[in-house]
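Inside the fold
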Amino acid sequence: MRSKIPNTKTSIFTIMSRLSNEQGAINLAQGFPNFPSSPKLLSLVSKYVDQGYNQYAPMAGVQVLREKLSEKIASLYKYAPEPESEITITAGATQALFTAITAFVHMGDEVIVLEPCYDSYIPAIKLNGARPVSIPLNSPNYDIPWDKVKAAISDKTRMLIINTPHNPTGAIISKKDVKELEEIVSKHKILVLSDEVYEHITFETRAHESLLASDILRPYSLVCFSFGKVLHTTGWKLGYIVANKDLSDEFRKVHQFNVFSCNTPIQYAIAEFLDEKEYLELPSFFEAKRDLLLEALKSSRFNAIPASGTYFQLLDYSTISEEGDFDFAQRITREKKVASIPVSSFYSDLKDDKMIRLCFAKTDDTIKRAADILVNI
Ligand SMILES: Cc1ncc(COP(=O)(O)O)c(C=O)c1O
């Protein structure tokens, strides 16, 4: 059998979660909350199931949900996308990303990715016969090296993938970054696929800079979001993508044969639940968890630059061990019973900066128990 992506192996999230389960470890590896979603939202799902909303949703998503999303986006980013033609409900952000790449990236095209990056981007580019052009973010703050991005643009460049707030580093882009991007897009007319699944998780009152807020970027941007990250429901695999009508039309041509449509009762439930605006509490909710973790690790031998967003915190363990990060993360899971993700797995060349990623979307008790162990390593 000739694999289309021969170098792609089982994802690190599967590997570390499996090891964590086998070892009975505290799982700070995979990015999912270990606390329940809102009881009100859960009862709304039951309500819509019981009321018989159980057949196919419209291809682009339930209309009332798209209308609510348009209002939400307008209130946050001062731009109201047209619900009918500019918002498409997807089976999570992962499907939105894959479908967007498939819809726009041709065989032989180049797509610029900034590494470390979420693990689905590069396989999706390769499966479409295109070439990922990887640019490492500047360490230690993981800001974007715009000079290198500009130098990497060729006549084959079709798309640039941006992720802010950024997984795994917790970095966020600034207004200055948006200006740089505007300059590039105006000059080269390339598409930007913007992964903004952690839009509501930014700290110390820093604002999330959505590309949807830019008049210059909007005509070239596909911006994707995830309800899993906003509602603490990663298992529902529901999200959405926002793009102008022309881009959305092309996106939907692929979407209709990729999933056709997504879970109906949950779309109705979310539409009703969005009125609660619970997402506005997410920054302080997760900032308190980040601070709990960092405070508890203050006297540890790990070094941390506090995450500016997301529910991930990177820890530098270079003063503790010279092991590679994969070996270190596996050993700590086996011996100390705390599972993490080695950051090299977010680089195509497995660049090893002696960093592990912890997910702090966990109950305070779980964070404290994990920190009590880590502080003694
Ligand atoms: C940066 C980033 N993009 C996309 C996703 C996928 O989101 P979803 O679960 O909605 O597919 C994740 C999930 O961890 C993520 O961290």
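Calculation notes
- Residues numbered from 1 in each chain as written.
- Predicted model: local features only at pLDDT ≥ 70, side-chain atom pairs only at ≥ 80, totals over all residues.
- Heavy atoms only, no water.
- Near = heavy atom within 4 Å.
- Polar contact = N/O pair within 3.5 Å; in protein donor to acceptor, adjacent residues only side chain to side chain.
- Areas by Shrake-Rupley, 256 points an atom, 1.4 Å probe, with all protein chains shown as cover.
- Helix = DSSP H or I, 4+ residues; strand = E, 2+ residues; numbered from the N terminus.
- Nonpolar A, V, L, I, M, F, W, Y, C, P; charged D, E, K, R; others polar.
- Domains from an automatic or database assignment.
- Contact = heavy atoms within 4.5 Å.
- Buried area = accessible area lost by both parts, 1.4 Å probe.
- Salt bridge = Lys/Arg side-chain N within 4 Å of Asp/Glu carboxyl O.
- Pairing = 2+ DSSP bridges.

**Focus on the site of the ligand**
- Looking at the ligand, the residues that line it are Gly92, Ala93, Thr94, Tyr118, Asn163, Asn167, Asp195, Val197, Tyr198, Ser226, Lys229 and Lys237.
- Between the ligand and Thr94, the relevant distance is 2.6 Å, taken from an oxygen atom to a side-chain nitrogen or oxygen of the residue.
- Asn167 is positioned with one of its side-chain polar atoms (N or O) 2.8 Å from an oxygen atom of the ligand.
- Within the complex, 93% of the 390 Å² of free accessible area of the ligand lies under protein.
- With 3 residues, the top contributor of residues to the shell around the ligand is helix H5 (residues 92-104).
- Tallied by class, residues from the shell around the ligand come to 4 nonpolar, 5 polar and 3 charged.

**What to know about the domain arrangement of the protein**
- The domain architecture assigned to the protein consists of domain 1 (12-30 + 280-374) and domain 2 (51-276).
- Centre-to-centre, using C-alpha coordinates, domain 1 lies 26 Å away from domain 2.
- Listed per partner, the contact involves 24 residues of domain 1 and 28 residues of domain 2.
- Both sides together, the interface formed by domain 1 and domain 2 hides about 2,400 Å², and carbon and sulfur atoms give 61% of it.
- The three residues of domain 1 that bury the most area against domain 2 are Ser308, Thr310 and Phe346, which together make up 25% of that side's buried surface.
- Counting the contacts that link domain 1 with domain 2 gives 1 salt bridge.
- Among the ionic pairs, Arg290 bridges to Glu204, the shortest N-O distance being 2.6 Å.
- At the surface where domain 1 touches domain 2, the tally comes to 10 residue pairs in polar contact (both at pLDDT 80 or more).
- Contributing elements (two or more residues each) for the side of domain 1 that touches domain 2: helix H12 (282-296), strand E9 (312-316) and strand E12 (355-359).

**Focus on the sheet that holds strand E11 (residues 341-342)**
- Strand order across the open sheet formed by 3 strands is E9-E12-E11, with antiparallel pairing between neighbours. Strands at the two margins of the open sheet, each flanked by one partner only, are E9 and E11.
- As defined by bridge partners, E11 adjoins E12 across 2 bridges and the pair is classed as antiparallel. Paired with Ile341 across the two strands is Arg357, which belongs to E12.

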